[in-house]
Amino acid sequence: MVNKQFDVVVIGGGNAGIGVTGPARKAGLSVAVLEPSLLGGTCSNRGCTPKKVLVAAAHALDEIARAGEHKISVAKPELDWAGLIGREKGLIEGLPNRFRQALDDRDVTVIEGQGQFVGPNSVAVNGDVLEAQHIVVATGSAPRQLPIAGAELMVTSDEVLSDPRQPRHVVFIGGGVIAFEFAHVYARAGTRVTILEAAPHFLGPFDQDGVARVVAETERIGVELHKDIVVESIEANGQSRRVTFRSGSTTHRIDADLVVNGAGRVANLDSLDLEAAGVAMDRGRITTDNHFRSVSNPAVWAGGDALVGKPQLSPVATLEGNIIGENIAGGSRQRPDYRQIPSALYTIPTYAMVGLTEAAAREAELNTRVEVNDMSGWLSSRTFAESEAWAKVIVDTDTDLICGAHIVGHAGEELIHQFAMAMRHAITATEMKQATYAFPTYSADVRSMF
């Protein structure tokens with residue numbers, strides 16, 4: 001066993017962990033990053049980046065399905081699922097090496113291995129002990145484990161993104177982002193899809209009026225949705241899986257080729273032995289101050305998906321990593337502001353949002369006006385034969401500032417950044433309405449959303 005000294009040791013080589021290294025190295029601190037798998041973490045290798053390749057294919061199928069609206073006759077398309085998975089793997093295969101090169105360029109020591117605390121300022125990895133003044137927990141997230149008999153028969157999004165065989169029928173346990181995004185890919189590829197959700201609502205963090213639009217589109221393409229149910233068991237049934245669930249007093253059974261855990265993700269902390277470092281926990285969560293520093297051990301910091309209770313988004317992880325790096329280098333001065341960070345649900349159509357939902361604004365007792373527009377009849381939407389186009393903008397009547405924006409369809413995943421920038425730089429609703437935009441564009445429709 002060899003003791004090695006660093007100023008900063010980062011456990012985890014994903015967005016948050018890599019984000020720490022820039023400010024720390026700029027300040028002249030020595031940094032080691034420990035990563036047991038692929039640099040880049042979940043998002044780059046088995047999450048948002050590869051998933052978007054499948055979403056892009058589903059978009060193409062959706063465009064083909066609507067070709068008749070443009071008076072174009074096309075034959076029924078055939079998707080080569082194995083070829084699509086191969087394309088996805090080919091597009092992401094070089095990403096870990098790019099991250100490695102970036103860390104090498106920063107003169108960061110990269111160690112392939114799983115780190116585990118062995119003291120307040122020390123981490124064991126591959127038989128060595130690394131000692132550091134600052135240790136950052138950036139271990140990301142893992143699929144939420146479900147207390148269901150036969151839960152071991154479920155697969156995760158990792159397998160969905162790797163299996164070259166297209167299933168005939170998929171059941172998702174959990175009606176969140178993972179389930180809805182993959183459901184729109186599978187359904188357009190010809191796979192039968194069922195989503196089972198225990199809560200009374202799908203996609204809880206989103207504005208429920210927008211969710212209603214997404215749910216309607218999801219059902220329109222043939223996805224079977226069940227909410228407010230109890231999954232009782234998953235069993236092997238020959239080569240398939242049998243899911244038994246209860247809705248009210250009625251018991252249902254579904255046979256499927258694949259059962260996917262779509263119940264979200266939780267902080268990946270189990271292998272760290274946080275107790276050895278004296279890191280305080282609250283119901284499985286690392287307890288930190290507003291600057292991401294452990295409240296019980298000032299040598300330990302935590303960011304990215306290893307923290308819970310805030311958006312699980314890769315840009316947020318990068319932001320938090322950068323803030324941690326800056327705080328280590330210059331003292332705990334920076335804290336995050338999540339209010340203007342946009343996000344998107346990559347169904348087809350996309351649901352993009354930033355800021356508060358209408359319910360959250362009401363709960364905060366803000367004086368607001370809520371601008372709701374069904375844009376499906378607008379000329380821009382009809383020109384591109386959009387199946388759904390809808391927007392809700394929440395404006396603070398005291399200041400005329402944007403509190404929140406929600407867009408379904410209508411290139412919302414791009415338009416939402418106009419609202420995010422307006423919120424960040426205090427641009428008023430009146431100023432957005434009075435701006436001049438290229439025409440005809442979806443962006444020009446922003447004026448008509450007020």
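See the structure shown above.
A few points on the structure. What you see is a predicted model, and the numbers here were worked out from it, not measured in a lab.

### Here we look at a nonpolar patch on the surface
On the surface, a nonpolar cluster with roughly 240 Å² of combined accessible area is contributed by Ile64, Ile72 and Val74. When you line up the elements, isoleucine 72 lands in the loop between α3 (48-65) and α4 (81-92). On the basis of relative accessible area, isoleucine 72 is assigned to the partly exposed category, the value being 47%.

### Comments concerning the sheet that holds strand β12 (residues 240-247)
Pairing is antiparallel in the open sheet, where 3 strands are placed in the order β11-β12-β13. The open sheet has two edge strands, β11 (230-237) and β13 (250-256), and neither has a second partner. With strand direction ignored, the average angle separating the axes of adjacent strands in the sheet is 20°. Both β12 and β13 contribute to a ladder of 7 bridges, which runs antiparallel. Across the sheet, the residue bridging to arginine 242 is aspartate 255, located in β13.

### Focus on the pairing of strand β2 (residues 31-34)
Taking every second residue as pointing to the same face, both faces of β2 are buried, with Val31 and Val33 on one and Ala32 and Leu34 on the other. Pairing analysis gives 4 bridges linking strand β1 (residues 3-11) to β2, with the strands arranged parallel. The residue bridging valine 10 from the neighbouring strand is valine 33, located in β2. Traced from β1 through helix α1 (residues 15-26) to β2, the parallel crossover comes out right-handed. Where β2 meets strand β3 (residues 109-111), 3 bridges bridge the pair, whose relative direction is parallel. Bridged to valine 33 within β3 is valine 110.

### Things to note about the sheet that holds strand β19 (residues 343-345)
In spatial order, the strands read β19-β20-β23-β22-β21; together these 5 strands make up an open sheet with antiparallel pairing. With partners counted over all chains shown, the strands left at the sheet margins are β19 and β21 (368-374), one partner each. When strand polarity is set aside, the average angle formed by the axes of neighbouring strands in this sheet is 10°. The pairing of β19 with strand β20 (residues 351-355) spans 3 bridges and is antiparallel. Each residue of the ladder has a partner; that of leucine 345, found in β20, is tyrosine 351. Contacting β19, β20, β21, β22 (390-396) and β23 (402-408), helix α8 (residues 208-220) crosses the sheet at an angle of about 175° to β22.

### Comments concerning the side chain of aspartate 400
Along the polypeptide, aspartate 400 turns up in the loop between β22 and β23. You can call aspartate 400 buried: its relative accessible area is 16%. There is a polar contact of 2.6 Å between the side chain of aspartate 400 and the side chain of threonine 430. Leave out the neighbours within four places in its chain, and aspartate 400 touches Arg369, Val395, Thr428, Ala429 and Thr430.

### Looking at the state of the cysteines
Summed over the entire model, instances satisfying the criterion amount to 1 disulfide. The side chain of cysteine 43 participates in a disulfide bridge whose partner is cysteine 48; the two sulfur atoms lie 1.8 Å from each other. Negative torsions about the S-S bond denote left-handed disulfides, and the value of about -130° found for cysteine 43 with cysteine 48 makes this one left-handed. You can call cysteine 43 buried: its relative accessible area is 14%.

### Notes on the environment of alanine 27
When you line up the elements, alanine 27 lands in the loop between α1 and β2. As a C-alpha pair, alanine 27 and alanine 329 span 302 residues in sequence and 5.9 Å in three-dimensional space.

### Notes on α8
For α8, spanning 13 residues, the distance from its first C-alpha to its last is 18 Å, which sits close to the expected 18 Å at 1.5 Å a residue. Every buried residue belonging to α8 is among Gly210, Val211, Val214, Val215, Glu217 and Thr218, and all of these are buried. Taken around the axis of α8, the buried residues stretch over an arc of 165°, which confines them to a single face. Buried residues along α8 sit against α7 (177-189), β10 (224-227), β19, β20, β22 and β23. The backbone nitrogen of aspartate 209 has a side-chain oxygen 3.0 Å away, supplied by the residue at the start of α8, namely aspartate 207. Glycine 222 sits one or two residues past α8 and shows a positive phi near 100°.

### Here we look at the environment of lysine 433
Structurally, the position occupied by lysine 433 is in helix α13 (residues 429-434). Overall, the relative accessible area of 37% leaves lysine 433 in the partly exposed class.

### Re the packing of aromatic side chains
Enumeration according to the criterion identifies 6 aromatic pairs in this entry. Arranged with centres 5.0 Å apart and planes meeting at 55°, the rings of phenylalanine 206 and tyrosine 351 form a pair that is tilted. Taken together, the positions of phenylalanine 206 in the loop between β9 (192-197) and α8 and tyrosine 351 in strand β20 put the pair 145 residues apart, joining distant regions of the chain. The same class applies to phenylalanine 206 as to tyrosine 351, namely buried. By way of ring pairs, the aromatic residues Trp81, Phe172 and Tyr186 are connected into one cluster.

Rules and cut-offs
Residues numbered from 1 in each chain as written. Predicted model: local features only at pLDDT ≥ 70, side-chain atom pairs only at ≥ 80, totals over all residues. Heavy atoms only, no water. Patch = residues over 30% accessible without salt bridge, like charges linked within 9 Å, V, L, I, M, F, W, Y side chains within 5 Å. Areas by Shrake-Rupley, 256 points an atom, 1.4 Å probe, with all protein chains shown as cover. Salt bridge = Lys/Arg side-chain N within 4 Å of Asp/Glu carboxyl O. Helix = DSSP H or I, 4+ residues; strand = E, 2+ residues; numbered from the N terminus. Buried < 20%, exposed > 50% of the residue type's maximum accessible area, 1.4 Å probe, protein only. Pairing = 2+ DSSP bridges. Axes fitted to C-alpha atoms, helices over the stretch in contact; angles between N-to-C directions. Right-handed = clockwise from strand over helix to strand, strands pointing away. Contact = heavy atoms within 4.5 Å. Polar contact = N/O pair within 3.5 Å; in protein donor to acceptor, adjacent residues only side chain to side chain. Disulfide = S-S within 2.5 Å. Expected span 1.5 Å × (residues − 1). Arc of directions from axis to C-beta. Phe/Tyr/Trp six-rings, centres within 6.5 Å; stacked < 30°, edge-to-face > 60°.

Any functional reading would require information that these geometric values do not contain.
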